[in-house]
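Summary of the model geometry
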Amino acid sequence: MAHRRWREKEDTLLTNLTSLVDQGVWRTNNGHFKPSYLGVLTNEMRVSFPRAGINEIHIEAKIKKWKSDYRILDAMLRRSGFGWNPNENKIVVENEIWNEFVQDHRVQRHFRDKQFPHFNRWAYCFVSDEN
């Protein structure tokens, strides 16, 4: 499968996902999204980007990645010594604490200097979704 270029489409997808959360009808009692939400998002993305060939599988993969990144960031922020810079949208932590952290979490080492401009919107969408 070809790699999709999402940069220009991410804001639209996230806006549409946020709208579903706002409507209050797309979550089950336990906070999960109802299965039909992917179809709704796919239709909305097809209207916004008719030639992009965006299907449910692409949207599901993007949302899965967002959830994963959100959960990693959220777990970091719950640790002592970790903070959030809202102006730069990234983790802040002193070198000593970071070096200790990455000894056990090497896969997450790129999170320190990376900006996550959608973090607050992810939190709004995923905070009660335990998928």
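Scroll up to find the structure.
Read on for a plain summary of the structure. Quick caveat, the model's predicted, so the values are computed rather than measured.

The next subject is the overall build of the protein. A count of helical and extended segments in the protein gives 5 helices and 2 strands. Going from the N terminus to the C terminus, the protein shows its helices and strands as α-α-α-β-β-α-α. Projected onto the principal axes, the alpha-carbon positions of the protein cover approximately 50 × 35 × 25 Å. The buried share of the protein, taken over its 131 residues, is 42%. Considering only contacts within the protein whose residues lie at least 6 apart along the sequence, 58% involve residues at least 24 apart. When the accessible area of the protein is evaluated, it comes to approximately 8,300 Å², of which 47% is carbon and sulfur surface. For the protein, the separation between the mean place of its 21 positive charges and that of its 17 negative charges on side chains is 6 Å.

Looking now at helix H1 (residues 7-23). In an α-helix, one turn spans 3.6 residues; hence positions three or four apart end up facing the same way. Here H1 contains 17 residues, and its C-alpha end-to-end distance of 25 Å stays within 8% of the 24 Å for a straight helix at 1.5 Å per residue. Those residues of H1 that sit buried are Lys9, Glu10, Leu13, Leu14, Asn16, Leu17, Thr18, Leu20 and Val21. Phi turns positive, to about 75 degrees, at Gly24, one or two residues after H1.

Buried within helix H4 (residues 95-104) are the following residues: Trp98, Phe101 and Val102. The buried residues of H4 occupy an angular sector of 95 degrees when projected down its axis, which confines them to one face. The exposed set on the far side of H4, more than 90 degrees from its buried face, consists of Glu96, Gln103 and Asp104. For H4, the elements touching its buried residues are helix H3 (56-77), strand S1 (82-85) and strand S2 (90-93).

A word on the nonpolar core. By size, the foremost hydrophobic cluster in this structure holds 34 residues, and its most contacted members are Leu17, Tyr37, Ile59, Trp122 and Phe126. For this core, the secondary structure elements donating two or more residues are H1, helix H2 (37-48), H3, S2, H4 and helix H5 (119-126). Considering every element that reaches this core, the biggest residue donor is H3, with 7 residues. Setting aside chain neighbours within four positions, we find Leu17 in contact with Phe33, Tyr37, Leu41, Ile63, Trp66, Cys125 and Phe126.

With respect to the helices and strands, Arg112 occurs in the loop between H4 and H5. Among buried Asp, Glu, Lys and Arg side chains, Arg112 stands out as unpaired, with Asp113 the closest opposite charge at 4.8 Å. A polar side-chain atom of Arg112 sits 2.8 Å from a polar atom in the side chain of Asn95. The residues touching Arg112, leaving out its near neighbours within four places in the chain, are Lys90, Ile91, Val93, Glu94, Asn95 and Trp98.

Note on placement: Lys67 falls in helix H3. The sequence separation of Lys67 and Val92 amounts to 25 residues, and the corresponding C-alpha distance is 20 Å.

Definitions and cut-offs
Residues numbered from 1 in each chain as written. Predicted model: local features only at pLDDT ≥ 70, side-chain atom pairs only at ≥ 80, totals over all residues. Heavy atoms only, no water. Helix = DSSP H or I, 4+ residues; strand = E, 2+ residues; numbered from the N terminus. Buried < 20%, exposed > 50% of the residue type's maximum accessible area, 1.4 Å probe, protein only. Contact = heavy atoms within 4.5 Å. Areas by Shrake-Rupley, 256 points an atom, 1.4 Å probe, with all protein chains shown as cover. Lys, Arg positive; Asp, Glu negative; His and termini not counted. Charge placed at Lys NZ, Arg CZ, Asp CG, Glu CD. Expected span 1.5 Å × (residues − 1). Arc of directions from axis to C-beta. Core = buried A, V, L, I, M, F, W, Y, C linked by side-chain atoms within 4.5 Å. Salt bridge = Lys/Arg side-chain N within 4 Å of Asp/Glu carboxyl O. Polar contact = N/O pair within 3.5 Å; in protein donor to acceptor, adjacent residues only side chain to side chain.

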